[in-house]
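Listed below, chain by chain, are the residues.
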Amino acid sequence: MDSSDNDRSEGRFRGLAIFFGSRQMRGMSRLLIFGLGYTASRLATRLTAEGWMVAGTRRSGVLTVGSDAVAAEIAAATHILSSVPPEAGADPVLAAHGAAIAASGAWLGYLSSTGVYGDTRGGWVDETAPVGGGRRDARTQADLAWQALRPAGVHVFRLPGIYGPGRSALDRVIAGDARRIDAPGQVFSRIHVDDIVAAVRAAMRRPRPGVYNIADDSPAPGRDPIEFACDLLGRSYPPLEQLDGAALSPMARAFYSECRRVANGRMKRELGIRLRYPDYRAGLRACLEETP
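Residues numbered from 1 in each chain as written. Predicted model: local features only at pLDDT ≥ 70, side-chain atom pairs only at ≥ 80, totals over all residues. Heavy atoms only, no water.

J.: Help me get a handle on the pairing of strand E5 (residues 107-113), residues and values and all.
T.: Counting buried positions along E5 gives 7 out of 7 residues, so the element sits mostly inside the fold. Neither face of E5 is exposed, since Trp107, Gly109, Leu111 and Ser113 on one face and Leu108, Tyr110 and Ser112 on the opposite face are all buried. Relative to E5, strand E4 (residues 79-82) runs parallel, the two sharing 4 bridges. Bridged to leucine 81 within E5 is glycine 109. Taking the sense of rotation as the criterion, the β-α-β connection linking E4, helix H4 (residues 92-103) and E5 turns out right-handed. One ladder, built from 5 bridges, connects E5 with strand E7 (residues 155-159); its direction is parallel. Among the inter-strand pairings, serine 113 is bridged to a residue of E7, identified as leucine 159. (Buried < 20%, exposed > 50% of the residue type's maximum accessible area, 1.4 Å probe, protein only. Helix = DSSP H or I, 4+ residues; strand = E, 2+ residues; numbered from the N terminus. Pairing = 2+ DSSP bridges. Right-handed = clockwise from strand over helix to strand, strands pointing away.)

Next comes the structure, spelled out in C-alpha cells:
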C-alpha cells in the first residue's frame, strides 16, 4: 500500500507529546513532528541518537493541535515535519497551524504519497508527472498546499509502499495473514523505512526544497515479496488467488486499480542518496535479522 495506508495507525496526530532527548540546549537542532507514526518514529529515534531535540505528537495526550503548547513548539523548532494524512478532505495541520508554520523560518518537510500520480498503467513517473488523476484527491490537495506554503520552498517526500522491521511481508507470513494475488501486469514500488530516514536526514543536512520520489530501484508484483518472505522463513506459499475472484476490501481493490513505477533519479542526484536497500530482497533480508 502507499504511504498514507502504512502510516495511518498514527496519522491522527491529536495527542500525547513525546519528547526525545534529555535536555534542550541553546542552538540545538530541534525537530517538531506532527504524527509520530511508523516512519516518523524511526526518524525521531535516529536523530535523538545524533543529539537532536525532538518533540512529536500522537493520537491522544497533552500536546494538541490548536493549543498554545503546539504554537510554542512551532516557534522553537528549527525543523518541522508532518506525516499526517488529510482528514475529511483537508490537511488538519495546515488548517490549524499553516500560517505559523509558514512564518516560522524552520526547515519544512511533508511526507506525501506516490498515490497522487494515479494510474499510469505501469509507466514510470518522476516528479514532473501530473498529479490529481487518481483516487487520492485529498492527498493531492494537501501535497500541493504544502508546496505552496512558502515561496522559498518546502521538502515534499512522495512515498510508495513503506515496509521495514515489524511491518513487512515477513510479519504477514508469520501472522498467517499473507495473501498472493495474481494480478497480471501489476507492479508496485516500495521503500524501506530506513531509506526514507536517510533521505529526510540528507535534506535536513543540505536543504534543497522541492518534491522528491523516495522509492527503491525495483518495482515488482505484490506476490513477489510474499514468496520471497516465505522462502526466507522456510514456509509454504499461500494459495494463489486470482484478482477478479479474490475477496478484497473496497480499499484493497482500489489499491489494485492503479499500477505505476516510481522513478527515484532526483532523490539520488540532488540528495546524494545511495539506497541501502535497492530492492525488496535486500530489505527483507535485513528485516529478518531484526525479527524476534
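Back to the text.
J.: So, the environment of alanine 203: which residues are in play, and what are the values?
T.: When you line up the elements, alanine 203 lands in helix H7 (residues 193-205). Overall, the relative accessible area of 0% leaves alanine 203 in the buried class. Expressed as a C-alpha distance, the spacing of alanine 203 and leucine 271, which sit 68 residues apart in the sequence, is 6.3 Å. Those residues in contact with alanine 203 that lie beyond four places of it in its chain are Trp107, His155, Phe157, Arg208 and Leu271. (Contact = heavy atoms within 4.5 Å.)

J.: Talk me through the nonpolar core; I want residue IDs and the actual numbers.
T.: By size, the foremost hydrophobic cluster in this structure holds 31 residues, and its most contacted members are Leu31, Leu43, Phe157, Val200, Met204, Ile214 and Leu271. A total of 8 residues in this core trace back to one element, the largest contributor, which is H7. Apart from residues lying up to four places away in sequence, phenylalanine 157 is in contact with Trp107, Gly109, Tyr110, Leu111, Ser112, Ser113, Ala199, Val200, Ala203, Tyr212, Ile214 and Leu271. Among the nonpolar cores identified, the runner-up in size contains 21 residues, and Leu63, Tyr110, Ala142 and Val211 belong to it. (Core = buried A, V, L, I, M, F, W, Y, C linked by side-chain atoms within 4.5 Å.)

J.: If you had to explain helix H2 (residues 38-49) to someone new, which residues and values would you point to?
T.: Along an α-helix, residues three or four apart share an orientation, since each turn contains 3.6 residues. Across its 12 residues, H2 extends 17 Å between first and last C-alpha, which sits within 8% of the 16 Å expected from 1.5 Å per residue. Listing the buried residues of H2 in full gives Tyr38, Thr39, Ala40, Ser41, Leu43, Ala44 and Leu47. After H2 finishes, the residue glycine 51 shows a positive phi value of roughly 100 degrees. (Expected span 1.5 Å × (residues − 1).)

J.: So what's going on with the pattern of salt bridges? Residues and values would help.
T.: Summed over the entire model, instances satisfying the criterion amount to 14 salt bridges. Arginine 30 is the partner of glutamate 73 in a salt bridge, and the nearest nitrogen-oxygen pair spans 2.9 Å. Of the two residues, glutamate 73 is situated in helix H3 (residues 68-76) and arginine 30 in strand E2 (residues 30-34); the sequence distance between them amounts to 43 residues. With respect to burial, glutamate 73 and arginine 30 carry one shared label: buried. Ionic pairing is found between aspartate 194 and arginine 42, a salt bridge with its closest N-O pair at 2.7 Å. Of this pair, aspartate 194 sits in helix H7 while arginine 42 sits in helix H2, and the two are 152 residues apart along the sequence. For aspartate 194, a relative accessible area of 17% puts it in the buried group. For arginine 42, a relative accessible area of 26% puts it in the partly exposed group. Here the salt bridges share partners, and the residues they tie into one network are Arg180, Asp182, Arg223 and Glu227. (Salt bridge = Lys/Arg side-chain N within 4 Å of Asp/Glu carboxyl O.)

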